[in-house]
Amino acid sequence: ATTVTWTRDSTTVTQGTQTVLNDPVTAQYTHTLTVTALGTYTCTVSNNKPSSASASITLDLSPPTGVSAA
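Residues numbered from 1 in each chain as written. Predicted model: local features only at pLDDT ≥ 70, side-chain atom pairs only at ≥ 80, totals over all residues. Heavy atoms only, no water.

For the chain, the name recorded in an unreviewed UniProt entry is Ig-like domain-containing protein, with Geodia barretti as its organism.

The following block contains the structure:
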């Protein structure tokens, strides 16, 4: 079984809806998360194998950099 966990700044947050698309080779999961606060959000995916994967995104109020207009 695959487990998906969302955290914000190391605190578990409730995830939104989950969609599972299965085919003979892979299982694809789509998760929806409602962001209610600034911080670093991390999604960790694991299964019954001895490995897991995670990815993070940080939401803050810093002005964008590297933007120009003509």
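Here the narrative resumes, following the displayed structure.
Engineer: Account for the sheet that holds strand 1 (residues 3-8), naming residues and giving values.
Structural biologist: Read from one edge to the other, the open sheet built from four strands follows the order 2-1-5-6, with strand pairing classed as antiparallel. In this open sheet, the two edge strands, each paired with only one partner strand, are strand 2 (11-13) and strand 6 (52-59). Mean inter-strand twist for the sheet, computed between neighbouring axes without regard to direction, equals 30 degrees. (Pairing = 2+ DSSP bridges. Helix = DSSP H or I, 4+ residues; strand = E, 2+ residues; numbered from the N terminus. Axes fitted to C-alpha atoms, helices over the stretch in contact; angles between N-to-C directions.)

Engineer: So what's going on with the side chain of Thr42? Residues and values would help.
Structural biologist: Residue placement: Thr42 occurs in strand 5 (residues 39-46). On the accessibility criterion, Thr42 (18% relative accessible area) is buried. For Thr42, the contacting residues outside a window of four places in its chain are Thr5, Trp6, Thr7, Ser54, Ala55 and Ser56. (Buried < 20%, exposed > 50% of the residue type's maximum accessible area, 1.4 Å probe, protein only. Contact = heavy atoms within 4.5 Å.)

Engineer: Which residues make up the pairing of strand 5, and what values go with them?
Structural biologist: Judged from the six bridges that link them, strand 1 and strand 5 form a sheet pairing that is antiparallel. The residue of strand 5 that forms the bridge with Val4 is Val45. Bridge count for strand 5 against strand 6 is eight bridges, and the pairing is antiparallel. By the bridge assignment, Thr40 is partnered in strand 6 with Thr58. Here strand 5 folds back onto strand 6 in antiparallel fashion, the turn holding five residues.

Engineer: Now, about the nonpolar core: what can you tell me, with residues and values included?
Structural biologist: Counting five residues, the largest nonpolar core consists of Val4, Trp6, Leu33, Tyr41 and Cys43. Of all the secondary structure elements, the ones that give two or more residues to this core are strand 1 and strand 5. Apart from the residues lying within four places of it in its own chain, the contact partners of Tyr41 are Thr7, Arg8, Leu33, Val35, Thr36, Ala55, Ser56, Ile57 and Leu59. (Core = buried A, V, L, I, M, F, W, Y, C linked by side-chain atoms within 4.5 Å.)

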